[in-house]
Amino acid sequence: MKTSRWFFLVLAAFVFTSACKTFKVENVNYAQQVESVLVPTYDGTVTDARYAISFNILPFQYQEMKDSSSVKVEKVRLIRNQRGYYFITANGFSNVYVMEPIDSGLRLKERIAVSETGLEAPAFNLRHPYIQLIDTKTSKIISLNEKGINKKEERES
Amino acid sequence: MKNSIKYIAALLIAFLSVQAGSAQQSDYQIKEEFEASYAAIIQGIEASSSIADIDSLIGGIERFRSRFINHYKMLDYALYPESFDSKIATLKSNARSTEHKLLIIENQAERLSLLSDEVTRFKSELAKLNLKSDSLRKAIAMSEESERKLSELVTRYRKSVEQRDQFIFDMIDSLLITYDSIVPGSINELAKNRAKTVSSEENPLVIINSMLTENIESAKAKSNVLTTEDYLRIYALQHKVQNVWNNIGDKLLAIYGGNDKSRWNQQISSNLRDWKASASLSMWNSLDSFLEIKNVDIGAFDNNSSFFTALDNFVTEATKGSNGAILGNNTYEDFKTFSEFWTTKVLDDWNEYIVEADVLTTSQIASIDSKIDAWGDASKPLSLGIVFLIGFGILAFIVLIVALIMK
């Protein structure tokens, strides 16, 4: 009698944890239709109130300039694609950083080199299924996804 | 106006910059351009000071809409919780509301402009009338002419003062009609325009103040040739000017007071008080003297309330006194004297001013009027015919009795 009760409890716990592990919703669209343009605070924190994300830009700045002693970035461009990856860049950056959200953090998924001399006036557009990077000064347009450059187009206006 | 043009120019620059940069724009830039143009149009609407300005902006709103209509989905998202359509609707609604307000203001500004011309005319006309009255008064004071000549001067003086007072009545009516209809919301706008364009010649505050000063000076001059009717008219005029000032004074101060609103208010209010004190004193003294000359002693009075009480008590007491008198006609003579004063003066010659200045209200006049009728009935003596008839009847009765006894 006692054994059968223990057996029942273990079975119930197994069923419950299995159910929790297998419950998922598919086809979630994380896409942000318009990029966020964020101004860092004195300590490098950027906050996007609408999409509820806040992080520090200094680690990105260090990756680009090997300097995180003070904030040198004026505006951070941020957009999220349908799969939930963040695309982050800024004026003067040579790369676009594709970051995936993790527990209390962002992890580098891909560093996409987009300019040898640094972007002059970058901006993101969502052009499903890609993220379009425009350098509005040079009129360079690059289509990106979380894996890298999809195709490269250069148009001079 | 200059601001408005500046904003419209800014708006056009914003449109041009959108079009020029449209080759390589990010969605974020389009949203920014949309918001900048939107803000420029809103500021333009707020700064619009003419129908031409707002009409130009209304056309601009349609061009603005056409410029961004292809991005409306992105803008709906970017502008959340607002939307592209709600932003356009807000612009149109603001523009319509401003257009409506400007239509009212332009209409009122046009009327004020006409009135400014009128005020200039009032000023010169009033100056002429004052001059004429003053010179006549001085001529009377210094006159060594014959009695006939003097009487002629007095008549001309009284006529001149009456003309001047009538002119002020008309002028005050004009001011009241124009300014009473001004919508409170448009006063600031009118004040901005008026401050730049109105000279002191056209400023109604200047003419009101000068009219008050003239009247106070005339009252101080204490001419003894004016009649009770003249004093009643002056008292009624003061009453009217006071009422009109109470009604439209704030608006006039707001539109024409400039940085001296408080000074103007203090000066005009103080002059109105002084004028009221002298007009009131002269009028009550003159009325008292008039009744004294007419041998009507109604007792003491020096204001509206005590005047009505004195009249009411006088008529009530006289009616009571007449009830016992059948043959005597003293009370009836009193009644006739009073009734003549009441009918020819209070109900006829002076009625307009008495009612205008609330010396007696219409209900007070009606109340006393009915009491006077009762007094007339009570004091009317029996006619001689009836007395003879009664005497003859008594005599015939006595003769009849004597004849019966003798028989």
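Bear in mind that the values here come from a model prediction, so they are computed numbers and not experimental data. (Residues numbered from 1 in each chain as written. Chains lettered and ligands numbered in written order. Predicted model: local features only at pLDDT ≥ 70, side-chain atom pairs only at ≥ 80, totals over all residues. Heavy atoms only, no water.)

## Section: the overall build of chain A
Here is step 1 of the chain: Across its full length, chain A carries two helices and eleven strands.
Here is step 2 of the chain: Counted from the first residue to the last, chain A has its helices and strands arranged as α-β-β-β-α-β-β-β-β-β-β-β-β.
Here is step 3 of the chain: Among the 157 residues that make up chain A, the fraction classed as buried is 40%.
Here is step 4 of the chain: Expressed as a percentage of contacts within chain A between residues at least 6 apart in sequence, the contacts between residues at least 24 apart total 41%.
Here is step 5 of the chain: Only carbon and sulfur atoms are counted for the fraction: they give 54% of the accessible area of chain A, which is about 9800 Å². (Helix = DSSP H or I, 4+ residues; strand = E, 2+ residues; numbered from the N terminus. Buried < 20%, exposed > 50% of the residue type's maximum accessible area, 1.4 Å probe, protein only. Contact = heavy atoms within 4.5 Å. Areas by Shrake-Rupley, 256 points an atom, 1.4 Å probe, with all protein chains shown as cover.)

## Focus: the interface of chain B and chain A
Here is step 1 of the chain: Contacts between the two partners involve eleven residues from chain B and, on the opposite side, 20 residues from chain A.
Here is step 2 of the chain: Both sides together, the interface formed by chain B and chain A hides about 1200 Å², and carbon and sulfur atoms give 55% of it.
Here is step 3 of the chain: Counting the surface chain B buries against chain A, the share from its top three residues, Gln24(B), Tyr28(B) and Tyr77(B), is 59%.
Here is step 4 of the chain: Remark: the boundary between chain B and chain A carries one salt bridge.
Here is step 5 of the chain: Two residues, Arg127(A) and Asp27(B), come together in a salt bridge whose shortest N-O distance is 3.0 Å.
Here is step 6 of the chain: The interface formed by chain B and chain A holds six residue pairs in polar contact (both at pLDDT 80 or more) in total.
Here is step 7 of the chain: Within the residue set of the side of chain B that touches chain A, elements represented by two or more residues are helix H2 (27–47) and helix H4 (72–78) of chain B.
Here is step 8 of the chain: Grouping the amino acids of the side of chain B that touches chain A by side-chain chemistry returns six nonpolar, four polar and one charged. (Buried area = accessible area lost by both parts, 1.4 Å probe. Salt bridge = Lys/Arg side-chain N within 4 Å of Asp/Glu carboxyl O. Polar contact = N/O pair within 3.5 Å; in protein donor to acceptor, adjacent residues only side chain to side chain. Nonpolar A, V, L, I, M, F, W, Y, C, P; charged D, E, K, R; others polar.)

## Here's the deal with the confidence of the model for chain A
All names here are of chain A.
Here is step 1 of the chain: Model confidence for chain A is summarised by a mean pLDDT of 88, while 84% of its residues fall at 70 or above.
Here is step 2 of the chain: Element-level pLDDT for chain A is lowest in helix H1 (residues 2–22), with a mean of 65, against a maximum mean of 97 in strand S5 (residues 86–90).
Here is step 3 of the chain: Low confidence marks residues 152–157, where pLDDT is under 50. Its contacts with residues over four positions away, or in another chain, come to 17 contacts. (pLDDT = per-residue confidence, 0-100.)

## Points about the environment of Thr213(B)
Here is step 1 of the chain: Mapped onto the elements, Thr213(B) comes out in helix H8 (residues 204–221).
Here is step 2 of the chain: In the structure, Thr213(B) is positioned 55 residues away from Ile268(B) in sequence and 9.2 Å away in space, judged by C-alpha atoms.

## Looking at a nonpolar patch on the surface
Here is step 1 of the chain: Side chains of Ile390(B), Ile394(B), Phe397(B), Ile398(B), Leu400(B), Ile401(B), Val402(B), Leu404(B), Ile405(B) and Met406(B) sit close together on the surface and give an oily, nonpolar patch of about 1000 Å² of accessible area.
Here is step 2 of the chain: Mapped onto the fold, Val402(B) is located in helix H15 (residues 384–406). (Patch = residues over 30% accessible without salt bridge, like charges linked within 9 Å, V, L, I, M, F, W, Y side chains within 5 Å.)

## A short note on the pattern of salt bridges
Residues and elements named next belong to chain B.
Here is step 1 of the chain: Scanning the model with the defined rule gives 19 salt bridges over all chains in all.
Here is step 2 of the chain: Taking the shortest distance from any N to any O, the salt bridge between Glu82 and Lys87 comes out at 3.3 Å.
Here is step 3 of the chain: Using a relative accessible area of 35% as the deciding quantity, one classes Glu82 as partly exposed.
Here is step 4 of the chain: The residue Lys336 makes a salt bridge to Glu333 at a minimum N-O spacing of 3.6 Å. Note that Lys336 and Glu333 are positioned in helix H12 (residues 330–349) at a spacing of three residues, about one turn of the helix.
Here is step 5 of the chain: Look at the salt bridges and you will find they share partners, linking Arg158, Arg164, Asp165, Asp230 and Arg233 into a network.

## Topic: the pairing of strand S3 (residues 53–56) of chain A
Residue and element names in this part refer to chain A.
Here is step 1 of the chain: Taking every second residue as pointing to the same face, the buried face of S3 carries Ile53 and Phe55, while none of Ser54 and Asn56 on the other face is buried.
Here is step 2 of the chain: As defined by bridge partners, strand S2 (residues 45–48) adjoins S3 across four bridges and the pair is classed as antiparallel. Residue pairing for S3: Thr45 is matched across the bridge by Asn56.
Here is step 3 of the chain: The loop that links S2 with its antiparallel partner S3 comprises four residues; one of these, Ala52, has a positive phi angle of about 55°. (Pairing = 2+ DSSP bridges.)

## Thoughts on the layout of surface pockets
Residue and element names in this part refer to chain B.
Here is step 1 of the chain: For the largest pocket, the calculated volume is near 290 Å³.
Here is step 2 of the chain: Together, 20 residues line the largest pocket, and Ser218, Ala219, Leu226, Tyr231 and Ser282 are the ones closest to its centre.
Here is step 3 of the chain: Those elements that provide at least two residues to the lining of the largest pocket are helix H5 (84–142), helix H6 (147–180), H8, helix H9 (228–256) and helix H10 (261–293).
Here is step 4 of the chain: Broken down by element, the lining of the largest pocket gets its largest block of residues, six residues, from H10.
Here is step 5 of the chain: Considered class by class, the residues forming the lining of the largest pocket number nine nonpolar, seven polar and four charged. (1 Å grid on protein atoms, 1.4 Å probe; cavity = no way out; pocket = protein on both sides within 12 Å on 5 of 7 lines; lining within 4 Å. Points joined across faces, edges and corners; volume = space filled by probe spheres on them.)

## Here's the deal with the packing of aromatic side chains
Residue and element names in this part refer to chain B.
Here is step 1 of the chain: Here the structure, examined in full by the defined rule, presents 21 aromatic pairs over all chains.
Here is step 2 of the chain: Ring geometry for Phe290 against Trp350: centres 5.0 Å apart, planes inclined by 65°, an arrangement best described as edge-to-face. Of the two residues, Phe290 is situated in helix H10 and Trp350 in the loop between H12 and helix H13 (351–356); the sequence distance between them amounts to 60 residues. Grouping residues by exposure puts Phe290 and Trp350 together as buried.
Here is step 3 of the chain: Seen in terms of ring centroids, Phe335 and Trp375 are 5.3 Å apart; in terms of plane orientation they differ by 80°. Their pairing is edge-to-face. Here the residue Phe335 occupies a position in helix H12, and Trp375 occupies one in helix H14 (residues 362–379), the gap between them amounting to 40 residues. (Phe/Tyr/Trp six-rings, centres within 6.5 Å; stacked < 30°, edge-to-face > 60°.)

## Some points on the nonpolar core
All names here are of chain B.
Here is step 1 of the chain: In this structure, Tyr179, Trp275, Ile298, Phe307 and Phe338 are the most contacted members of the largest nonpolar core, which totals 83 residues.
Here is step 2 of the chain: Per-element tally for this core: the top contributor is H9, with 14 residues.
Here is step 3 of the chain: Apart from the residues lying within four places of it in its own chain, the contact partners of Trp275 are Met211, Leu212, Asn215, Ile216, Ile234, Leu237, Gln238 and Val241.
Here is step 4 of the chain: Counting 24 residues, the second largest nonpolar core, distinct from the first, contains Phe64, Phe84, Ile88 and Leu102. (Core = buried A, V, L, I, M, F, W, Y, C linked by side-chain atoms within 4.5 Å.)

## Considerations on unusual backbone geometry
Here is step 1 of the chain: Following His128(A), the chain continues into Pro129(A) via a peptide bond in cis, with omega recorded as 5°.
Here is step 2 of the chain: Cis rather than trans, the peptide bond between Tyr80(B) and Pro81(B) has omega equal to 10°.
Here is step 3 of the chain: Following the sequence through the fold, Pro81(B) ends up in the loop between H4 and H5.
Here is step 4 of the chain: Its identity as a non-glycine residue notwithstanding, Asp358(B) has a phi of 60°, on the positive side.
Here is step 5 of the chain: Tracing the backbone through its elements, the reader meets Asp358(B) in the loop between H13 and H14.

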